[in-house]
Amino acid sequence: MRPKENEPLVTTIRERCRVCYTCVRECPAKAIRIVDRQAEVIPDRCIGCGQCVRVCSQHAKRVASDVDRVVAGLARGVRAAAVLAPSFPAEFVDVDYETLVGMVRALGFALVGEVSFGADLVAHQYRILMSHNQNPGKPYIATTCPAIVGFVERYHPNLVDSLAPIVSPMIAAARAFRRRYGDDLRVVFIGPCIAKRGEVATTNDRRDVDASMTFIELRELLARRGIRPDNVTPSDFDPPHGALGALLPVRRGLLQAAQIDEDLLRCEVVSAEGQDEFVQAIREFESGEMNVRLLELLCCDGCIMGPGIGQTTPLFRRRAQVARYAQWRLNRLDLTTWEMDVASFQDLDLSRAFVANDQRIAPPSEEEIRAILERMGKKALEDELNCGACGYETCREHAIAIYKGLAESEMCLPYTIEQLRAAYDQLTTSHRELASTQEALMQSEKLASMGQLAAGIAHEVNNPLGTVLMLSHVLLDEMPADSELREDLNLIASEADRCKKIVAGLLHFARKNKVEARQTNLRELVDGFTRLLQLPASITLKVEHQNGEVSADIDRDQVLQVLTNLVSNAVAAMPGGGTLTLSTCGNGDRVHIAVADTGVGIPPANRKRVFEPFFTTKPAGEGTGLGLAVIYGIVKMHQGDIRVQTNADPAAGPTGTTFTVSLPRKRDTAGPETGSAAS
Ligand code: ADP
Ligand code: MG
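An account of the accompanying structure is given in this report. (Residues numbered from 1 in each chain as written. Chains lettered and ligands numbered in written order. Predicted model: local features only at pLDDT ≥ 70, side-chain atom pairs only at ≥ 80, totals over all residues. Heavy atoms only, no water.)

**What about the overall build of the protein chain?**
For the record, the criterion: Elements are defined by DSSP. Helices are runs of H or I of four residues or more, strands are runs of E of two residues or more, and each kind is numbered from the N terminus. Restricting the calculation to C-alpha atoms gives the radius of gyration, and the globule rule supplies 2.2 Å times the number of residues raised to the power 0.38. Burial status follows relative accessibility: with a 1.4 Å probe on protein chains alone, a residue under 20% of its type maximum counts as buried, one over 50% as exposed, and anything between as partly exposed. Residue burial considers only the protein chains on display, and all accessible areas are found by Shrake-Rupley using a 1.4 Å probe. In this tally, Lys and Arg are treated as positive and Asp and Glu as negative; His is ignored, and so are the chain termini. Here the site of a charge means NZ on Lys, CZ on Arg, CG on Asp, or CD on Glu.
Looking only at helices and strands, one finds 22 helices and 18 strands in the protein chain. Computed over the C-alpha atoms, the radius of gyration of the protein chain is 47 Å, more than 25% above the 26 Å expected from 2.2 N^0.38 for a compact globule of 679 residues. The burial tally for the protein chain puts 50% of its 679 residues in the buried class. With the model as given, the accessible surface of the protein chain reaches about 33300 Å², and the carbon-plus-sulfur share is 52%. Side-chain charges in the protein chain split into 77 positive and 87 negative, and the spacing between the mean points of these groups amounts to 3 Å.

**Remarks on the sheet that holds strand S11 (residues 294-298)**
For clarity, the cut-off: Strand pairing is assigned whenever DSSP detects at least two bridges linking the two strands.
Sheet architecture is open: three strands sit in the order S7-S11-S10, paired in parallel fashion. Strands at the two margins of the open sheet, each flanked by one partner only, are strand S7 (140-141) and strand S10 (269-273). In this sheet, S11 lies alongside S10 in parallel orientation, the contact comprising five bridges. Along S11, the bridge assignment pairs Val269 with Leu294.

**Focus: the pairing of strand S9 (residues 211-214)**
Burial of the side chains of S9 extends over both faces: Ala211 and Met213 are buried on one face and Ser212 and Thr214 on the other. Two strands pair when backbone bridges link them, and strand S8 (residues 186-191) and S9 are joined in this way by four bridges, in the parallel orientation. Residue pairing in the sheet places Phe189 in a bridge with Ser212 of S9.

**Quick notes on the pairing of strand S3 (residues 38-41)**
Alignment of strand S2 (residues 32-35) against S3, held across four bridges, turns out to be antiparallel. Within the sheet, the bridge partner assigned to Ile32 lies in S3 and is Val41. Between S2 and S3, which follow one another and run antiparallel, lie two residues, and Asp36 among them has a positive phi close to 50°.

**Quick notes on the sheet that holds strand S6 (residues 111-114)**
The strands that make up a sheet pair up through hydrogen bonds in the backbone, lying either parallel or antiparallel. Defined as follows: Axis lines are fitted through C-alpha atoms, for helices just across the contact stretch, and the angle between N-to-C directions can take any value from 0 to 180 degrees.
Pairing within the open sheet is parallel, and its four strands lie in the order S6-S5-S8-S9. With one partner strand each, in any of the chains shown, S6 and S9 form the two edges of the open sheet. Taking the axes of each pair of neighbouring strands and ignoring which way they run, one obtains an average angle of 25° across the sheet. Examined bridge by bridge, strand S5 (residues 80-84) and S6 share four bridges and lie parallel to one another.

**A few points about unusual backbone geometry**
Residue Pro239 is joined to Pro240 through a cis peptide bond whose omega torsion reads 5°. Mapped onto the elements, Pro240 comes out in the loop between helix H10 (215-224) and helix H11 (253-257). Backbone geometry places Phe614, a non-glycine residue, at a positive phi of 75°. With respect to the secondary-structure elements, Phe614 resides in the loop between helix H21 (604-607) and helix H22 (627-637). At Gln639, a position not held by glycine, the phi torsion is positive, near 60°. Looking at where Gln639 falls in the secondary structure, it is placed in the loop between H22 and strand S17 (641-647).

**Details of a nonpolar patch on the surface**
Spelled out, the test is: Within the patch definition used here, like charges are joined within 9 Å and nonpolar side chains (Val, Leu, Ile, Met, Phe, Trp, Tyr) within 5 Å, considering only residues with over 30% relative accessible area and no salt bridge. Here, a salt bridge means any side-chain nitrogen of Lys or Arg that lies within 4 Å of a carboxyl oxygen of Asp or Glu.
Where nonpolar side chains cluster on the molecular surface, the patch consists of Leu453, Ile457 and Val461 and spans about 260 Å² of accessible area. Tracing the backbone shows Val461 in helix H17 (residues 413-478).

**Overview of empty space enclosed by the protein**
Applicable threshold: Using a grid of 1 Å spacing that covers the protein atoms alone, one calls a set of points a cavity when a 1.4 Å probe fits there but cannot get out, and a pocket when the set is open and has protein on both sides within 12 Å along at least five of seven lines; lining residues are those with an atom within 4 Å of a point. Grid points are joined across faces, edges and corners, and a volume is the space filled by probe spheres set on the points. Side-chain classes are defined by residue name, with Ala, Val, Leu, Ile, Met, Phe, Trp, Tyr, Cys and Pro counting as nonpolar, Asp, Glu, Lys and Arg as charged, and the others, Gly among them, as polar.
Inspection of the entire model under this criterion finds six cavities of 30 Å³ or more. If you add up the space inside the largest cavity, you get close to 320 Å³. Residue lining of the largest cavity: 28 residues in total, with Thr144, Cys145, Pro146, Lys196 and Cys303 positioned closest to the centre. Put simply, the parts of the chain that give the lining of the largest cavity at least two residues each are helix H7 (146-155), helix H8 (169-181), helix H9 (195-202) and S11. Partitioned by chemical class, the residues of the lining of the largest cavity number 21 nonpolar, five polar and two charged. What the second largest cavity holds in volume is close to 110 Å³. As for the second largest cavity, its lining consists of 14 residues, and the residues nearest its centre are Cys17, Cys20, Cys23, Cys56 and Lys61. Among the residues making up the lining of the second largest cavity, the classes are represented as nine nonpolar, three polar and two charged.

Structural data, given as structure tokens:
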């Protein structure tokens with residue numbers, strides 16, 4: 001019933017992880033990486049300390065469990081012993097020790113023992129190691145804590161040789177129990193530790209321990225089975241009982257149990273616990289700065305603070321609870337029996353070897369670090385805020401972790417805020433662009449439907465109008481020169497003529513006319529046009545031909561009409577005089593003509609309407625409102641487009657209007673008109 005060796009100790013519950021980076025920050029092994037917006041534990045790097053489990057406010061870390069296998073084994077009638085870690089008094093404060101033993105027994109365990117006897121045996125080994133050292137002066141790191149062992153094997157493989165070659169108290173206890181109660185006995189360790197499960201899975205090929213459970217799991221199991229203090233028979237632990245080994249879960253407990261006198265060793269023993277201290281202590285130990293014989297390390301603040309404890313009592317109260325139990329145990333201990341017990345296991349093999357499991361990743365070069373920092377917008381030293389929001393102490397460390405594939409740039413809060421701002425700006429810009437394109441589209445659709453209507457009317461009106469025109473001219477010819485009806489007939493003919501022009505304009509707008517395209521040089525066209533142009537004296541004319549070839553396939557007459565209409569509007573917009581500028585330019589596959597004036601400008605409300613047929617701001621009789629509509633039709637027939645830039649507000653700068661017509665050099669005679677709409 002042992003756990004599988006490659007089963008990850010800790011995994012992330014996807015739905016719960018809110019990616020706060022707390023676990024990244026707190027993991028002493030840097031075994032957590034952010035992948036797909038999830039804090040994922042990397043099994044090979046994980047030392048099982050359970051720090052991430054403890055600090056996760058979302059309870060998003062799941063610890064692998066042996067409980068189901070244990071329950072199944074007990075149900076099958078497997079003969080098993082539960083051995084309780086010496087930190088149990090820190091968890092079970094609400095029930096006396098003997099009642100607790102009775103409750104565990106009620107689960108179906110044949111035996112309930114204490115790891116502390118194993119701790120006594122192990123402490124004895126440390127005493128031997130320190131006193132009869134084969135290599136005098138060789139420093140050792142204590143190996144009672146599996147997370148510390150895992151850390152050294154993975155991140156300080158050079159120190160594997162310095163790991164005290166002694167099994168953990170759990171293994172020692174299991175071996176002692178098996179020897180005493182038979183080799184077929186199964187052993188279940190119950191303690192405050194997650195790393196123990198890893199130790200059970202990986203280290204003991206002799207099958208010393210079969211499963212590992214936490215105190216939290218024990219509590220849950222007791223509750224599930226309805227086992228309460230009032231429905232069990234209290235009893236003591238099964239022997240062998242421990243003595244000072246009961247102190248192992250607190251700082252310096254091992255030293256006390258081994259009766260290693262610190263003074264005797266001239267302060268050559270250093271104890272450290274908690275992740276900050278132990279990481280630092282190992283680093284100093286490796287660099288040789290630490291002149292010690294024994295480094296006693298516990299990963300949590302002592303096992304009493306292990307992640308498998310469900311209580312929230314503070315550290316010193318827990319220490320007191322453990323000490324109280326040790327006192328209780330020592331008071332009842334028959335010293336002779338204990339000494340005989342220890343002696344009877346004198347020949348028990350408690351040695352252990354360790355293997356390096358190098359998980360170090362070669363650090364990046366200075367240039368690589370700089371490149372990563374720059375990608376996060378940290379170009380200068382002052383950009384490195386070292387705010388720690390990413391879970392790393394400095395921006396440099398974060399960059400190194402990115403290089404190692406353990407972190408992402410997005411974990412940098414200032415960088416992400418900057419990215420978000422840029423994305424937001426882009427979004428609003430493209431939203432604005434989208435809105436204006438949409439507006440232009442609606443505008444062109446509106447003009448197109450107007451065009452259809454206009455074309456329909458023009459078509460219907462054209463024939464009767466032709467008849468009126470023809471007959472009025474016939475009548476005029478036949479009319480005696482002195483007839484008083486002549487004047488009326490003249491009026492009929494000229495008004496019909498005006499109608500004919502309007503209809504022609506509408507047909508232009510509706511793009512119902514043909515384009516007689518010829519290769520034309522726009523520069524020559526504009527020059528020819530301006531030569532015949534008659535302008536009021538108050539208006540100055542400027543012609544600007546920019547560089548670039550300006551030939552295109554166009555209908556000369558139609559484009560001249562465009563120029564005529566644009567110029568007449570420009571002149572009308574400058575009643576007090578001004579400057580009229582005609583310019584040409586060509587680039588790529590397009591040519592452009594612009595007509596600019598310094599006139600009154602078009603107020604925003606009119607801007608969308610100027611191309612509509614019959615829209616005019618001129619007094620009746622002066623404007624038909626067809627000029628720009630005709631231009632629009634002609635430009636579209638040429639597959640071009642026309643844009644207007646204008647300012648009518650003197651407060652916002654010089655007023656005036658520029659119409660720019662862009663035409664393709666070559667017309668696509670087969671395809672549809674392509675130019676975008678006027679705006
Ligand atoms: P019309 O000239 O007969 O009024 P158009 O279609 O040529 O008809 O022009 C429509 C309207 O657009 C004009 O009445 C005027 O309000 C405005 N407009 C056109 N060109 C200009 C310009 N260069 N400056 C100011 N307003 C203009
Ligand atoms: Mg006009």
